Amino acid sequence: QEQLAESGGGFVQPGGSLRLSCVNSGSMFVFSPMGWYRQAPGKQRELVASVSVDESTKYADSVLGRFTVSRDNAKKTVYLQMNSLKAEDTAVYYCHEDVPWGAWGQGTQVTVSS
């Protein structure tokens, strides 16, 4: 029922910035915590950042201070502002509805390279 769609990925040089967006077209968005995850080739998918219904946030240690997650319930959208990007941030980034059996987006590629 819930459908997520990420956008905003691309190619950026180290130190650059990108803003990812995730639109949740489902009806349960305002009741659901949302998370951003990433998966690099050959590695496990990992949590990057999450935002709760009351807009409290959590971050992986690797991105703390560089990334900011936010949500706009009116637009049914979750954002991930990524600053000071590093090569190790290269991955496919996924949006997820952080509830049991929550929906996943299709992913958006972020490549950080000089």
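Cut-offs and rules
- Residues numbered from 1 in each chain as written.
- Predicted model: local features only at pLDDT ≥ 70, side-chain atom pairs only at ≥ 80, totals over all residues.
- Heavy atoms only, no water.
- Helix = DSSP H or I, 4+ residues; strand = E, 2+ residues; numbered from the N terminus.
- Rg over C-alpha atoms; globule rule 2.2 N^0.38 Å.
- Buried < 20%, exposed > 50% of the residue type's maximum accessible area, 1.4 Å probe, protein only.
- Contact = heavy atoms within 4.5 Å.
- Areas by Shrake-Rupley, 256 points an atom, 1.4 Å probe, with all protein chains shown as cover.
- Lys, Arg positive; Asp, Glu negative; His and termini not counted.
- Charge placed at Lys NZ, Arg CZ, Asp CG, Glu CD.
- Pairing = 2+ DSSP bridges.
- Patch = residues over 30% accessible without salt bridge, like charges linked within 9 Å, V, L, I, M, F, W, Y side chains within 5 Å.
- Salt bridge = Lys/Arg side-chain N within 4 Å of Asp/Glu carboxyl O.
- Axes fitted to C-alpha atoms, helices over the stretch in contact; angles between N-to-C directions.

Each helix and strand in the chain was counted, giving zero helices and ten strands. In the chain, the succession of α and β elements from N to C terminus is β-β-β-β-β-β-β-β-β-β. Relative to the 2.2 N^0.38 estimate, which gives 13 Å for 114 residues, the radius of gyration of the chain is 13 Å and therefore close to what a compact globule would have. Seen through its principal axes, the chain has C-alpha atoms that stretch 40 × 25 × 20 Å. Per-residue burial over the chain gives 44% buried out of 114 residues. In the chain, the share of contacts with a sequence separation of at least 24, taken over all contacts with a separation of at least 6, comes to 54%. When the accessible area of the chain is evaluated, it comes to approximately 6,100 Å², of which 52% is carbon and sulfur surface. Averaged over its 10 positive side-chain charges, the chain has a centre that lies 4 Å from the centre of its 11 negative ones.

Let's shift gears to the pairing of strand 9 (residues 91-97). Within strand 9, seven of the seven residues are buried, which leaves it mostly tucked inside the rest of the structure. Relative to strand 10 (residues 108-112), strand 9 runs antiparallel, the two sharing three bridges. The residue of strand 10 that forms the bridge with Y93 is T108.

This part is about unusual backbone geometry. With phi around 55 degrees, K76 is a residue other than glycine that occupies positive phi space. Take K76: it is sitting in the loop between strand 7 (67-72) and strand 8 (77-82). For K76, a relative accessible area of 28% corresponds to the partly exposed category. For W101, which is not glycine, the phi torsion reads 55 degrees and is therefore positive. Residue class for W101 comes out exposed when judged on its relative accessible area of 87%.

In this section: a nonpolar patch on the surface. Together, M28, V30 and F31 give the surface a local cluster of nonpolar side chains, amounting to about 290 Å² of exposed area. One can find V30 in the loop between strand 3 (18-24) and strand 4 (34-39). What makes V30 partly exposed here is its relative accessible area of 35%.

The subject of this paragraph is the sheet that holds strand 1 (residues 4-7). If you walk across this open sheet you meet the four strands as 1-3-8-7, and the pairing is antiparallel. Every interior strand has two partners, whereas the edge strands, strand 1 and strand 7, have only one. Neighbouring strand axes in the sheet, compared pairwise and without regard to direction, differ in orientation by 15 degrees on average.

Pairing is mixed across the open sheet formed by six strands, whose spatial order is 2-10-9-4-5-6. Only two strands of the sheet have a single partner each, and these edge strands are strand 2 (10-12) and strand 6 (57-59). Neighbour to neighbour, the strand axes of the sheet diverge by 25 degrees on average, direction disregarded. Note that strand 4 and strand 9 share six bridges and pair antiparallel. Bridge pairing in strand 9 places Y37 opposite Y94.

Next up on the list: the side chain of S21. Within the fold, S21 resides in strand 3. Look at S21 and you get buried, because its relative accessible area is 15%. When near neighbours in sequence (up to four residues on either side) are disregarded, S21 contacts A5, E6, S7, W36, T77, V78 and Y79.

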